Amino acid sequence: MSSIPPNKTLYVNNLNEKIQKEELRKALYYLFSQYGRVVDVVALKTIKMRGQAFIVYREITEATKAMRSLQGFPLFDKPIKIDYAKTRSNKLNVLDGEYKLDESNTQSIYSQMFSESKFSQGVTTISKKREHEEDDQSNKKMALDKTDEEEENVIPNRILFLQNLPMDITEKMLSYLFVQYPGFKEIRLVPGKPDIAFAEYENELQAQTALKVLDGFNITPTNAMKVEFAKI
DNA sequence: AGCACA
């Protein structure tokens, strides 16, 4: 019986401490995404914080649903324990800032997002803890240097498949990016899979133009977006 | 068992 009032962030403990941080975050992210839009997962391996994590949702109702459904869920052989977090996650304040901006002025959110502030800083909580700067470079290269097999798969399609998106990406943010190229129709997010999306264009050629420019685009300093033609 | 990130 929890004494903490319901809020958007869940505190999860009794996690298997042998699991690597990134693997754990990813597992939690997918597990909890089933119940709503997860915008951040914070897991620290410090003495004090190991075996615990914070799952940040957009809505309290989503957090509540997840807590009910996943209470005691055996993750990496240990039943997880879930409660509401005691304090508000920083990420939520960042998100609120973006939302206000979004409401007030479309032009400014664009420059905010892709210049110095909100988009690049705020959205990057996931990766900002990286110790090595080179990760930046290698991420970018990974997305840009295609292997031979990937090259073969490239059958032009007016629908683009976007991968490696930050988990709190919005349809609006992606639209700002893709609408710059002619023929843009819409962005489609995928429920339960916040790191991928689709961008639709009028025709293959237009889609290809966007692909060429936006594949490998550093949507945050450490998340190079991968863009390929959808396989449909 | 342990409630953080800014």
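Residue numbering note: each chain is counted from 1, following its sequence as written. For naming, the first written chain is A and the first written ligand is 1, with later ones following in the order written. At least 70 in pLDDT is required for a residue's local features to be given in this predicted model, at least 80 for side-chain atom pairs to be given and counted, and no such filter applies to totals for whole chains, interfaces and linings, which use all residues. Side-chain measures were taken over the full set of non-hydrogen atoms in the model, leaving aside hydrogen atoms and water.

Brief notes about the overall build of chain A
When helices and strands are counted, chain A shows 9 helices and 12 strands. For chain A, the residues scored as buried account for 46% of the 232 residues in total. Residue contacts are defined here by distance: any two heavy atoms, one from each residue, within 4.5 Å place the two residues in contact. For chain A, contacts bridging at least 24 residues in sequence account for 69% of all contacts bridging at least 6. Shrake-Rupley sampling with a 1.4 Å probe provides the accessible areas, and residues are treated as covered by the protein chains on show and by no other component. Total accessible area on chain A is roughly 12900 Å²; 52% of this is exposed by carbon and sulfur atoms. Elements are defined by DSSP. Helices are runs of H or I of four residues or more, strands are runs of E of two residues or more, and each kind is numbered from the N terminus. Partly exposed describes any residue whose relative accessible area lies between the buried limit of under 20% and the exposed limit of over 50%, with all areas from a 1.4 Å probe on protein chains only and scaled to the type maximum.

Some thoughts on the sheet that holds strand β2 (residues 38–42)
Should DSSP find at least two bridges between two strands, the strands are regarded as paired. Spatial strand order, β2-β3-β1-β6: 4 strands in an open sheet with antiparallel pairing. Where the open sheet ends on each side, the last strands, each with one partner, are β2 and β6 (81–84). Shown here is a sheet whose adjacent strand axes are inclined to one another by a mean of 20 degrees, direction ignored. Note that strand β1 (residues 9–13) and strand β3 (residues 53–57) share 4 bridges and pair antiparallel. Working convention: axes come from line fits to C-alpha atoms, limited for helices to the stretch in contact. Angles between N-to-C directions cover 0 to 180 degrees.

Side note on helix α8 (residues 171–178)
Of all 8 residues in α8, 6 are buried; the element is thus mostly enclosed. For α8, the full list of buried residues reads Met-173, Leu-174, Ser-175, Tyr-176, Leu-177 and Phe-178.

Some words on the protein's contact with DNA strand B
Residues are counted as near a molecule or strand when any one of their heavy atoms sits within 4 Å of it. Around DNA strand B lies a shell of 21 residues, among which Lys-48, Arg-50, Arg-88, Ser-89 and Asn-90 are the nearest. Sugar and phosphate atoms represent 26% of those atoms of DNA strand B found within 4 Å of the protein. Contacts to DNA strand B include Lys-86, whose backbone N or O atom sits 3.0 Å from a base oxygen. Of all the elements, β1 adds the most residues to the surface near DNA strand B, at 3 residues. Here the residues of the surface near DNA strand B sort into 7 nonpolar, 8 polar and 6 charged. By the criterion applied in these results, polar contacts are pairs of N or O atoms within 3.5 Å in which, for protein atoms, one can donate a hydrogen and the other can accept it, and in which residues neighboring in sequence qualify only through two side-chain atoms. Under this grouping Gly is polar, as are all residues other than the nonpolar Ala, Val, Leu, Ile, Met, Phe, Trp, Tyr, Cys and Pro and the charged Asp, Glu, Lys and Arg.

Digging into the packing of aromatic side chains
Ring pairs are drawn from Phe, Tyr and Trp, using the six-membered ring of Trp, whenever the two centres fall within 6.5 Å, and their geometry is named by plane angle: stacked under 30 degrees, edge-to-face over 60, tilted for the rest. For the structure on display, the rule yields 4 aromatic pairs. Seen from their ring centres, Tyr-29 and Tyr-30 are 5.0 Å apart, and the 45 degrees between their planes marks the pair as tilted.

Describing the nonpolar core
Residues grouped as a nonpolar core are buried Ala, Val, Leu, Ile, Met, Phe, Trp, Tyr and Cys residues, joined through side-chain atoms within 4.5 Å. Core analysis: the largest hydrophobic core is formed by 26 residues, its most contacted members being Leu-10, Leu-28, Phe-32, Ile-55, Tyr-57 and Ile-80. Elements that contribute at least two residues to this core include exactly β1, α1 (21–33), β2, β3, α2 (60–70) and β6. With 5 residues, α1 is the largest single contributor of residues to this core.

What about the sheet that holds strand β7 (residues 159–163)?
Spatially, the 4 strands line up as an open sheet ordered β8-β9-β7-β12, and their pairing is antiparallel. With partners counted over all chains shown, the strands left at the sheet margins are β8 (184–189) and β12 (226–229), one partner each. Looking at each pair of strands side by side, their axes are set apart by 25 degrees on average, direction ignored. With 4 bridges connecting them, β7 and β12 associate as antiparallel partners. Across the sheet, residue Leu-160 finds its bridge partner in β12, namely Phe-229. Relative to β8, α8 is tilted by about 150 degrees, and along the sheet it contacts β7, β8, β9 (197–201) and β12. Sitting on the sheet, helix α9 (residues 204–214) is in contact with β7, β9 and β12, with an inclination near 155 degrees to β12.

By themselves, these observations are geometric and do not establish any function.
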